[in-house]
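The residues making up each chain are set out below.
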Amino acid sequence: MTKNKSWRVLLALLATLTMVAAACGDDDDDTTAPADSTTAPAGESTTAPAGESTTAPAPAPSGGQVSLEQACADNPGLEVPEGFNVALVTDIGKVDDGTFNQFAYEGMVAAAECYGFETTFIETASEADYAANIATTLESEPEVIVTVGFLITTDTVAAAEANPDIQFIGIDQFAETYPENMIGVLFREDQGGFLAGAMAGLLTESNVVGVVGGREDVPPVVRFVNAFETGAKFVNPEVTVLSVYNESFTDPAKGASDAQQFIGEGADVIFGAGGPTGSGGVSEATSQGLWGIGVDQDEYFTTFSGGTAPGSEFLATSAMKRVDLGVFSNIVAALNGSFTGGIYQLTAENNGITYAPFHDAAIPAEVATRIEEIRAGLADGSIDTGVDPITGLPL
């Protein structure tokens, strides 16, 4: 362990000479509200004034990323009706939980800043609160409601059917049929997991890597976990991939324990694919001088507080699914009249799936080059993940 960590520190000292840029979460009680926002307890809504920024500083574009500032510039001059407002209901967790709840919130707020409308949000404490939270949100008479997570799908579909004049954006929500006023924003998590696995397979010295997953009954998690293995073996056929699913997305202590077990079995790279639970595993790995890989958004700015948290130099990257861009784009569709019910899928091809900048991590130049080649291959279809993009099962 000490030798491995010393090697990484030495590599970090040489990073300014050798590194080239790629061409292209905590318990509920421990989270800190984003700047200039007010956190609403479950069941209560809070208005975020338009024009007040709550997002983390945007990283420099890499891996084909499109910033929200660019998305705003690409859709200028939209007319916003008087009183227009957008509401968001989180999955279990908070708008500052460092994972896809926060990313969805940031996409909504960025759209409000760009076009000038009001926003509200409700944070969900348990699955039993989904329907009630949507009902509470309806009381503010929003034009658009964003609901986050696979588990809230049924309640979102029901609310959309009962309220045809309101447009619903469901993040990670697949339905056999969608009402005309509901869009299901889906992602190729198999591509994100494949990128994370490839990065792990390229970085490992022990030929053992691990993934701390969320709930196995959530298809996006299964896609991440299984494609992590295929991605790792794509670049390193000799690698052993350890994996585990968890009963909760909000238990970072359990994620840390999972990572400790994997490290005890020889793993030197840990991917967290389970919200704050997975982030707990990533933090545990980096605290020991081992590589960690985040998920959903760039965890450098969330879990690692913009590089000020211990271990940030060992966060190799994050497998990003651009939830923020999905929310932003579909609010634009609601404003410009192009909103149509059905599936809106984000992939490597349309820059909705990518990897985060390496920031403080001393990623070798050859690894940076290779991971960008793999991202480009996923985008143009020349590389297949080997995982079914619907079920998440290996093909």
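Residues numbered from 1 in each chain as written. Predicted model: local features only at pLDDT ≥ 70, side-chain atom pairs only at ≥ 80, totals over all residues. Heavy atoms only, no water.

Asker: I keep staring at the overall build of the protein chain and nothing clicks. Help me out?
Answerer: Across its full length, the protein chain carries 12 helices and 13 strands. The 395 residues of the protein chain split such that 57% are buried. Total accessible area on the protein chain is roughly 15000 Å²; 51% of this is exposed by carbon and sulfur atoms. (Helix = DSSP H or I, 4+ residues; strand = E, 2+ residues; numbered from the N terminus. Buried < 20%, exposed > 50% of the residue type's maximum accessible area, 1.4 Å probe, protein only. Areas by Shrake-Rupley, 256 points an atom, 1.4 Å probe, with all protein chains shown as cover.)

Asker: Just to check I follow, could you spell out the pattern of salt bridges for this structure?
Answerer: Opposite charge on two side chains lets them pair, provided their charged atoms get close. Counted according to the given criterion, the structure contains 11 salt bridges. The shortest N-O distance in the salt bridge between Glu127 and Arg215 comes to 2.6 Å. You can see Glu127 sitting in the loop between strand E3 (118-124) and helix H5 (130-138) and its partner Arg215 sitting in the loop between strand E7 (208-213) and helix H8 (219-235), a full 88 residues away along the chain. With relative accessibility at 16%, the residue Arg215 sits in the buried group. With a closest N to O distance of 3.5 Å, Arg370 and Glu373 form a salt bridge. You can see Arg370 and its partner Glu373 sitting in helix H12 (residues 365-380), 3 residues apart, about one turn around the helix. According to the relative accessible area criterion, Arg370 is partly exposed, its value standing at 30%. With a relative accessible area of 43%, Glu373 lands in the partly exposed category. (Salt bridge = Lys/Arg side-chain N within 4 Å of Asp/Glu carboxyl O.)

Asker: Just checking my understanding: could you explain the nonpolar core for this structure?
Answerer: Inside soluble globular proteins, nonpolar side chains tend to come together where they are buried. Counting 96 residues, the largest nonpolar core has Phe117, Val146, Ile171, Phe271, Ile331 and Ile363 as the members making the most contacts within it. A total of 10 residues in this core trace back to one element, the largest contributor, which is helix H4 (residues 100-115). What Val146 contacts, discounting residues up to four positions off in sequence, is Val86, Ala87, Leu88, Val89, Ile169, Ile171 and Val327. Among the nonpolar cores identified, the runner-up in size contains 10 residues, and Val208, Ala259, Phe262 and Ala267 belong to it. (Core = buried A, V, L, I, M, F, W, Y, C linked by side-chain atoms within 4.5 Å. Contact = heavy atoms within 4.5 Å.)

Asker: I would appreciate a short explanation of the packing of aromatic side chains in the present structure.
Answerer: What describes a pair of aromatic rings is the distance from one ring centre to the other and the angle between the planes of the rings. Going through the model one piece at a time under the given rule, you end up with 9 aromatic pairs. Look at Tyr105 and Phe121: their rings are 5.2 Å apart centre to centre, the planes differ by 75°, and that puts the pair in the edge-to-face class. Residue Tyr105 is located in helix H4, and its partner Phe121 is located in strand E3; the two are separated by 16 residues in the primary sequence. The residues Tyr105 and Phe121 share a single accessibility class, namely buried. Aromatic side chains Phe194 and Phe234 sit 5.3 Å apart centroid to centroid with 55° between the ring planes, which places their arrangement in the tilted category. Here Phe194 is found in helix H7 (residues 189-203), whereas its partner Phe234 is found in helix H8, with 40 residues between them in sequence. On the accessibility criterion, Phe194 (1% relative accessible area) is buried. When its relative accessible area of 38% is taken as the criterion, Phe234 is described as partly exposed. Three or more aromatic residues joined by ring pairs make a cluster, and in this case those are Phe224, Phe228 and Phe271. (Phe/Tyr/Trp six-rings, centres within 6.5 Å; stacked < 30°, edge-to-face > 60°.)

Asker: How should I be thinking about the state of the cysteines in this particular structure?
Answerer: What we call a disulfide is simply a covalent bond connecting the sulfur atoms of a pair of cysteines. Here the structure, examined in full by the defined rule, presents 1 disulfide. Sulfur-sulfur distance for the disulfide between Cys72 and Cys114 comes to 1.9 Å. Judged by the sign of its S-S torsion, about 85°, the bond between Cys72 and Cys114 is right-handed. Taken together, the residues span a long stretch of sequence, with Cys72 in helix H3 (residues 68-74) and Cys114 in helix H4 at a distance of 42 residues. (Disulfide = S-S within 2.5 Å.)

Asker: How do you make sense of the pairing of strand E9 (residues 269-273) when you look at a structure like this?
Answerer: The side chains of a regular strand alternate, residue by residue, between the two faces of the sheet. Among the 5 residues in E9, 5 count as buried, and that is most of the element. By the alternation rule, side chains of E9 split into Val269, Phe271 and Ala273 and Ile270 and Gly272, which are all buried. Note that E7 and E9 share 4 bridges and pair parallel. Looking at the pairing, Val211 lines up with Phe271 of E9. (Pairing = 2+ DSSP bridges.)

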